[in-house]
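Observations on chain architecture
Given next are the chains, with one letter for each unit.
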Amino acid sequence: MSYEFRFDIVWANIDVLLLGVEMTILLSFMAMVLGTIIGIVTAVIRLRGIRLLSYPMIAYVEVFRGTPALVQIVWIYYCLPIIIGIEMSAFFSLVLAMALNSGAYLSEVFRAGIQGIDKGHIDAAYALGFRSGQVTRRIILPQAAYRMIPAVGNVFITSIKLSSLCSVLGMAELMYQGQLVIANYFRPIEVFTVVAGIYLVMTYSTSLFLIFLERRLAWKKREKVPLREQFKLIWASLFRLSPG
Amino acid sequence: MTTAIQSERTPAIGIVDLHKSFGKLEVLKGITCDIWPGDVVCMIGSSGSGKSTLLRCINYLEPPTAGQVYVHGTPMGRVKAGDGTLRDADQGTLAKQRMRIGFVFQHFNLWPHKTALGNVAEALVVVKGMRRDEATERGTEALRRVDLLDKQDDYPSTLSGGQQQRVAIARMLAMEPDVLLFDEPTSALDPELVGEVIDVMQGLAAEGNTMVVATHELGFARETANRMVFLDDGVIAEEAPTETFFESPRQERTQSFLKRMLKL
């Protein structure tokens, strides 16, 4: 192959890409936070079985799981403000679209996690004189949170990747900034490769963090392991795909 | 909350014409029975006869469809309204009433995210509002009573079935309940582990605790209970002092049940 790689051009413009990274992180972080809130509310409404409220929630989840994310983002960006007559900033409408998307998936994760708790554990708490709030806080959530981490992690990682779709609407996030560099220097191979690498670093650190969290929350008896060994274990568990 | 009138003549648990249906299926068809302080009552009957449901109705894990349970004269799960009629109690009242009734489950139902000691101490902190160190002290004491002090830092998943059930008993004892209910506490255990749980329960009976035990362990029942209740198809088919019950059961269905059980 006679192609001459010019990664030096990418390095020279790394500050442009880093600006995009900042926006990508901001977009996905806001979407994760808002999405988590939406997911919790939706899951709680569905678990409570309030029919009047449950049906709209089921419809919401099905619509957002059943339509392409790009369509959702474009629709909320262009159509929603016209329909409801409220003008939204580009940033807000994109965060809202991503949050509604993640929220739909997260609500299912939360619902399954809470429903998966052994009914007997709940009975035992009531029999000892717990009230329902105490059962939720002390018995259900600690168990559910631990079990939900891998699935929540998937949604978070997806949300980072989804944010690249925002480039279509001119949001200056990583993908958009990459295209900007390409437009000036005509070096798509180098730029897209580096952009992909940066996405990978972001998603990978998210999984590392979640594995760390999962290990912290694991209730199995652990011996005191030195930090170095801990990292080795985490490293190893990344390749096993299941936390050890 | 209504105050209980406690006297010699108030049963620890009074069950009056209790009915329970799940949809169209009527499981309890009118149970009336008194458990007196100090009684150890063993309840037997084939599976599906309503033993578990009856126990769960006593502490309101299943609200009865009709009828009433009284604990030391206080209506369980209900409070007297201004006009003297009973209405459903609020959550706080019910929780306080349940605190006085210990419950041991067939499948132990220990919380997997807590150690043995954590399981025992949790309710002391959450329900009784004890300080963590007080609860730990009381919890350790309860574990000593079931001879599991050495396992206090172990998680349930690392304990044998018999050990888990003993932790569950300690968890109940730490709350110092007045009445102890056992829902087939040895049915989920390997045969060789049944003995250790039975030993603990016999110890509790010997201390004079009021106990109601649903069980298939006829040997245990015969040795420990002072009264037997035979449940069949949602009604009490026969109720008698243990000796009479085993020596000369009156009802034909009791006789055939005992015959079947003893043949096993």
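Notes on the structure in this doc start here.

Definitions and limits used
- Residues numbered from 1 in each chain as written.
- Chains lettered and ligands numbered in written order.
- Predicted model: local features only at pLDDT ≥ 70, side-chain atom pairs only at ≥ 80, totals over all residues.
- Heavy atoms only, no water.
- Helix = DSSP H or I, 4+ residues; strand = E, 2+ residues; numbered from the N terminus.
- Rg over C-alpha atoms; globule rule 2.2 N^0.38 Å.
- Buried < 20%, exposed > 50% of the residue type's maximum accessible area, 1.4 Å probe, protein only.
- Contact = heavy atoms within 4.5 Å.
- Areas by Shrake-Rupley, 256 points an atom, 1.4 Å probe, with all protein chains shown as cover.
- Lys, Arg positive; Asp, Glu negative; His and termini not counted.
- Charge placed at Lys NZ, Arg CZ, Asp CG, Glu CD.
- Pairing = 2+ DSSP bridges.
- Core = buried A, V, L, I, M, F, W, Y, C linked by side-chain atoms within 4.5 Å.
- Axes fitted to C-alpha atoms, helices over the stretch in contact; angles between N-to-C directions.
- Buried area = accessible area lost by both parts, 1.4 Å probe.
- Salt bridge = Lys/Arg side-chain N within 4 Å of Asp/Glu carboxyl O.
- Polar contact = N/O pair within 3.5 Å; in protein donor to acceptor, adjacent residues only side chain to side chain.
- Phe/Tyr/Trp six-rings, centres within 6.5 Å; stacked < 30°, edge-to-face > 60°.
- Lys NZ or Arg CZ within 6 Å of the ring centre and 35° of its normal.

**Observations concerning the overall build of chain B**
- Along the backbone of chain B there are 9 helices and 12 strands.
- Its C-alpha radius of gyration of 19 Å places chain B within 12% of the 18 Å reference for a compact globule of 264 residues.
- The C-alpha extent of chain B, read off along each of the three principal axes, is 55 × 50 × 40 Å.
- The buried share of chain B, taken over its 264 residues, is 57%.
- Considering only intrachain contacts with a sequence separation of at least 6, the fraction spanning at least 24 residues in chain B is 63%.
- Taken as a whole, chain B presents about 11600 Å² of accessible surface, with 47% of it coming from carbon and sulfur.
- Averaging the coordinates of the 29 positive side-chain charges in chain B and doing the same for the 36 negative ones gives two points 5 Å apart.

**Concerning the pairing of strand β12 (residues 235-241) of chain B**
Residue and element names in this part refer to chain B.
- Examined bridge by bridge, strand β11 (residues 227-232) and β12 share 6 bridges and lie antiparallel to one another. Across the sheet, the residue bridging to F230 is E238, located in β12.
- From the end of β11 to the start of β12, which pair antiparallel, there are 2 residues, and D233 there has a positive phi angle of about 55 degrees.

**Some details on the nonpolar core**
- Of all hydrophobic cores here, the largest spans 120 residues; its most connected members are F130 of chain A together with I169, L181, F182 and M211 of chain B.
- Sequence-distant contacts of I169 of chain B, defined by excluding residues within four places in its chain, comprise V104, V146, F182, V197, V200, M201 and L204 of chain B.
- In terms of nonpolar packing, the next biggest core, distinct from the first, is built from 20 residues, L27, L96, A97 and L169 of chain A among them.

**Points about the sheet that holds β11 of chain B**
Residues and elements named next belong to chain B.
- An order of β8-β9-β10-β3-β11-β12 is seen for the 6 strands of this open sheet, with the pairing classed as mixed. Where the open sheet ends on each side, the last strands, each with one partner, are β8 (101-104) and β12. Strand-to-strand twist of the sheet, defined as the mean angle between neighbouring strand axes without regard to direction, takes the value 15 degrees.
- As paired elements, strand β3 (residues 40-44) and strand β10 (residues 210-214) share 4 bridges and run parallel to each other. Bridge pairing links V41 to V212 in β10.
- Across the sheet, helix α5 (residues 161-173) lies against β8 and β9 (179-183), angled at about 170 degrees from β8, the strand it touches most.

**As for the interface of chain A and chain B**
- Each partner contributes to the interface: chain A provides 20 residues, whereas chain B provides 28 residues.
- Taken over both partners, the interface formed by chain A and chain B buries close to 2100 Å², and the fraction arising from carbon and sulfur atoms is 61%.
- Where chain A touches chain B, the interface holds 2 salt bridges.
- The salt bridge involving D123 of chain A is made with R56 of chain B; its shortest N-O contact spans 3.0 Å.
- Between chain A and chain B we count 8 residue pairs in polar contact (both at pLDDT 80 or more) in total.
- Within the residue set of the side of chain A that touches chain B, elements represented by two or more residues are α6 (119-127) and α7 (132-162) of chain A.

**Quick look at the sheet that holds strand β5 (residues 74-75) of chain B**
All names here are of chain B.
- A sheet is described by the order of its strands in space; here 4 strands give the open sequence β2-β1-β4-β5, paired in antiparallel fashion. Each edge of the sheet is formed by a strand with only one pairing partner; in this case those strands are β2 (25-35) and β5.
- Pairing of strand β1 (residues 13-22) with β2, which is carried by 8 bridges, proceeds in the antiparallel orientation. Bridged to H19 within β2 is K29.

**Remarks on the packing of aromatic side chains**
- A complete count under the given rule lists 8 aromatic pairs over all chains for this structure.
- Their ring planes at 75 degrees and their centres at 5.2 Å tell us that Y3 of chain A and F5 of chain A sit as a pair that is edge-to-face.
- Given a relative accessible area of 32%, Y3 of chain A falls into the partly exposed group.
- Since its relative accessible area comes to 42%, F5 of chain A is described here as partly exposed.
- Ring centres of F230 of chain B and F257 of chain B lie 5.0 Å apart, and the angle between their planes is 35 degrees; this geometry places the pair in the tilted category. Separated by 27 residues along the polypeptide, F230 of chain B in strand β11 and F257 of chain B in helix α9 (residues 252-263) bring together distant segments of the chain. Assigned by exposure class, F230 of chain B and F257 of chain B land together as buried.
- Put simply, the rings of Y3, F5 and F7 of chain A touch in pairs and so form one group of aromatic residues.
- In this arrangement the basic side chain of R171 of chain B is found over the ring face of W111 of chain B, its NZ or CZ atom lying 4.4 Å from the centre.

Keep in mind these values describe shape, not function.
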